[in-house]
Amino acid sequence: MGSDDGPWWFHNRQRKISIDEQDVRAFLARLSRGPAKGGEFAVLVSTDDAVRRANAQFRGVRATTDVLSFPDDEPGRHGDVLISAARAARQAEQYGHSTTDEVKLLILHGLLHLLGFDHESDDGAMRREERELRKRYGLNPAGLIERATA
């Protein structure tokens, strides 16, 4: 399942939105040596439609979203992250940074969910961890949790 660089897999299934895949892969390699160390994970960037269908199927929510996380109970495997490229592009424009940076923010947020964080019930632990990791990896934009509570 892993890549040449580590225990992660990345695929961009859409071609409409431009993403610097080399930059994303370098970010994933850094995450695999940091917070994701010790487990495999996969990231799929896809269309709004694909994310909307997955959101309906797995969460019962008939709307698109930016990122979905699918934790895995298999030993040595964190799980999978699904990202809407179109939603990432709209959010990047709204917050004044690149689509690639937005995708990296979404990966980080999704990965934290795979690692067991839940911003709806953890009394700020995920927000603090996300903020610290954004600093460590040079992601200046506000995190998803901060945006939602602003």
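Parameters at a glance
- Residues numbered from 1 in each chain as written.
- Predicted model: local features only at pLDDT ≥ 70, side-chain atom pairs only at ≥ 80, totals over all residues.
- Heavy atoms only, no water.
- Salt bridge = Lys/Arg side-chain N within 4 Å of Asp/Glu carboxyl O.
- Buried < 20%, exposed > 50% of the residue type's maximum accessible area, 1.4 Å probe, protein only.
- pLDDT = per-residue confidence, 0-100.
- Helix = DSSP H or I, 4+ residues; strand = E, 2+ residues; numbered from the N terminus.
- Phe/Tyr/Trp six-rings, centres within 6.5 Å; stacked < 30°, edge-to-face > 60°.
- Axes fitted to C-alpha atoms, helices over the stretch in contact; angles between N-to-C directions.
- Parallel < 35°, antiparallel > 145°, perpendicular 65-115°, else oblique.
- Left-handed = near helix turned anticlockwise from the far one by under 90°.
- Contact = heavy atoms within 4.5 Å.
- Core = buried A, V, L, I, M, F, W, Y, C linked by side-chain atoms within 4.5 Å.
- Pairing = 2+ DSSP bridges.

I tried to follow the pattern of salt bridges on my own but got confused; where do I start?
Pairing is possible between side chains that carry opposite charge, provided their charged atoms lie close to one another. Here the structure, examined in full by the defined rule, presents eight salt bridges. Among the salt bridges present, the one from arginine 77 reaches aspartate 80, with a minimum N-O distance of 2.3 Å. Look at arginine 77 and you get buried, because its relative accessible area is 14%.

Would you explain the confidence of the model for the chain in this entry?
Detailed reading of the predicted coordinates is not advisable wherever pLDDT falls low. With 95% of its residues at a pLDDT of 70 or more, the chain has an overall mean of 91. When mean pLDDT is compared element by element in the chain, strand S4 (residues 77–84) scores highest at 98, while helix H6 (residues 144–149) scores lowest at 69.

Any chance you could explain the packing of aromatic side chains here in plain terms?
Between two aromatic rings, the relevant description is the distance of the centres plus the angle of the planes. Scanning all chains against the criterion turns up two aromatic pairs. Summarising the aromatic geometry, the rings of phenylalanine 27 and tyrosine 137 are spaced 5.8 Å apart at their centres and angled 85° between planes, so their arrangement reads as edge-to-face. Taken together, the residues phenylalanine 27 in helix H1 (residues 21–33) and tyrosine 137 in the loop between helix H5 (125–136) and H6 connect sequence positions 110 residues apart. Since its relative accessible area comes to 3%, phenylalanine 27 is described here as buried. Residue tyrosine 137 is classed as buried on the basis of its relative accessible area, which comes to 10%.

Help me understand the packing of H1 against helix H4 (residues 99–114), please; the structure alone is not making it clear to me.
How two helices sit against one another is set out by the angle between their axes and by the gap between those axes. With their axes 10 Å apart at the nearest point, H1 and H4 run at an angle of 25° to one another. Classified by the angle their axes make, H1 and H4 are roughly parallel. Here the hand of the crossing between H1 and H4 comes out right-handed. Contacts from Asp23, Val24, Phe27, Leu28 and Leu31 of H1 reach H4 at Thr100, Val103, Lys104, Ile107, Leu108 and Leu111.

Please clarify how the nonpolar core should be interpreted in this entry.
In globular proteins that are soluble, nonpolar side chains generally tend to be buried together. Core analysis: the biggest nonpolar cluster contains 33 residues, and Leu28, Leu31, Phe41, Val43, Ile83, Val103 and Ile107 have the highest contact counts within it. Taken together, the elements giving at least two residues each to this core come down to strand S1 (8–12), H1, strand S2 (40–46), S4, helix H3 (85–95), H4, H5 and H6. When residues in this core are grouped by element, the largest group, eight residues, is from H4. With sequence-adjacent residues up to four places away left out, isoleucine 83 is seen in contact with Val43, Leu44, Val45, Ser46, Val51, Asp66, Val67, Val103, Leu106 and Ile107.

It is not clear to me how the environment of tryptophan 8 should be interpreted in this structure. Could you clarify?
Among the structural elements, tryptophan 8 can be located in strand S1. By relative accessible area, which is 1% here, tryptophan 8 ends up buried. Separated by 71 residues in the primary sequence, tryptophan 8 and glycine 79 place their C-alpha atoms 9.8 Å from one another.

So what exactly am I meant to see when it comes to the sheet that holds S1 here?
Here four strands make up an open sheet; going across it, the order is S1-S2-S4-S3 and the pairing mixed. Every interior strand has two partners, whereas the edge strands, S1 and strand S3 (67–71), have only one. The sheet shows a mean angle of 10° between the axes of neighbouring strands, taken without regard to direction. Pairing of S1 with S2, which is carried by five bridges, proceeds in the parallel orientation. What sits directly across from tryptophan 8, in S2, is phenylalanine 41.

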